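The residues making up each chain are set out below.
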Amino acid sequence: MSDQPDIVVLREGTEGLSMGSYAETLRERLPDHEVALARTPAEERELVPRARVVTGITVEEAQIADADRLELFACTFAGTDHVPVEALTDRGVAVTNAGGIHAPGIAEQSIANMLVFARRLHEGWRRKSNAEWRHFQSYEFADSTVTVIGLGSIGQHVVERLEGFDVETIGVRYTPSKGGPTDEVVGFEEDAIHDALARSDYVVVACPLNDLTRGLIGEAELATLPPHAVVVNAARGGIVDTDALVSALRSSKIRGAALDVTEPEPLPADHPLWDLENCLITPHTGGHTPKHWDRLADIVADNVIALDAEGDAADLRNLVAAPGDE
């Protein structure tokens, strides 16, 4: 191993995926660069100060204090609130994230959850577990109205995959004047959201969690939804008021919910959501596919090649902050 590796992969993994696999995928993309995997805290302390690029969940400020060669920190998460972004940019280091790499898988799971409720497959599975051959009524997804809250990467992938299902789509975004891929676009104003919810058969939550969206789907919004509506949360648990959702599901104010994220998370074993037959739960696995490292390595490799060409850091893919940003 060189005393000055080009890229250092930090040891802490994500979503149960091996960082060794990530390092190997980077080596395939960048055969002319040395990619080192720091397997222990001691190796991180040794390698990070010598690296040109560091990639992982986060990096400690103490580790970058003497990292004079460091040009890029590539976060393996979409969110970077836990990353010392200011300390990095102050030292001339660009910061990128993994935004978008989970979107295809999350979108497919969101579509699957809507189809499960449309065809009532969960009722079929329940009857199978009881060895019960008894017919039940299912429905058609076509002619439904699907509201997608958030038209970022995940929302756009959801809408793209809805093409061909013969459904009407409503998109909710911060600046509706920008338009979007949906049949209709509205803003986050309370009246606009309630108007969209009142016309929705399915609602896919695909927006970031922030001060505006925390608790966005609460008691009032759930009451506005038609009784046959289904809520699919593919974003963050805190966007949907959990207590209000439990109440709405228990009293059949809505038909059901499919949750890949919850508040709290992990969901405690004694939480009432587990016992509700009209609530589907997956443990935040919507974006977890074998293509995870391939998509992230593509972004990082493109950025390393751009740095090799002495490109402007402002042009890097998935840029969160460039040196000098305030």
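For clarity, every value in this text was computed on a predicted model and none was experimentally measured.

A.B. asks: Break down the sheet that holds strand β5 (residues 94-96) for me, with residues and values.
C.D. replies: The strand order across the open sheet formed by 6 strands is β2-β1-β3-β4-β5-β13, and the pairing between neighbours is mixed. Whereas interior strands pair on both sides, the edge strands pair on one side only; in this sheet they are β2 (35-37) and β13 (319-321). Going across the sheet, the axis of each strand differs from the next one's by a mean of 25°, ignoring polarity. Pairing analysis gives 4 bridges linking strand β3 (residues 53-56) to strand β4 (residues 72-75), with the strands arranged parallel. Looking across to β4, one finds that V54 is bridged to F73. Across the sheet, helix α1 (residues 19-29) is in contact with β1 (7-9), β2 and β3; its angle to β2 comes to roughly 175°. Here helix α11 (residues 292-308) sits on the sheet in contact with β1, β3, β4 and β5, set at roughly 170° to β4.

A.B. asks: Let's hear about unusual backbone geometry: which residues, and what values?
C.D. replies: Keep in mind that most residues, glycine aside, have a negative phi and that most peptide bonds are trans. Here E263 and P264 are connected by a cis peptide whose omega angle stands at 10°. Within the secondary structure layout, P264 lies in the loop between β11 (256-259) and β12 (279-281). A cis amide bond, omega 0°, links E265 with the succeeding residue P266. In this structure, A131 is a non-glycine residue whose phi angle is positive, near 50°. Relative to the elements of secondary structure, A131 occurs in the loop between α6 (121-129) and β6 (145-149). Despite not being glycine, N318 has its phi angle at roughly 60°, a positive value. Here N318 shows up in the loop between α11 and β13.

A.B. asks: Help me get a handle on the pairing of β6, residues and values and all.
C.D. replies: For β6, a buried count of 5 out of 5 residues is recorded, marking the element as mostly surrounded by other parts of the structure. When β6 meets strand β7 (residues 168-172), the two strands line up parallel, connected through 5 bridges. Residue I149 lies in a different strand from β7, and its bridge partner there is V172. For the segment spanning β6, helix α7 (residues 153-162) and β7, crossover handedness is right-handed. Pairing geometry for β6 and strand β9 (residues 202-205), over 4 bridges, is parallel. Within β9, the position partnered with T147 by the bridge is V203.

Rules and cut-offs
- Residues numbered from 1 in each chain as written.
- Predicted model: local features only at pLDDT ≥ 70, side-chain atom pairs only at ≥ 80, totals over all residues.
- Heavy atoms only, no water.
- Pairing = 2+ DSSP bridges.
- Helix = DSSP H or I, 4+ residues; strand = E, 2+ residues; numbered from the N terminus.
- Axes fitted to C-alpha atoms, helices over the stretch in contact; angles between N-to-C directions.
- Contact = heavy atoms within 4.5 Å.
- Buried < 20%, exposed > 50% of the residue type's maximum accessible area, 1.4 Å probe, protein only.
- Right-handed = clockwise from strand over helix to strand, strands pointing away.

Purely geometric numbers; function is a separate question.
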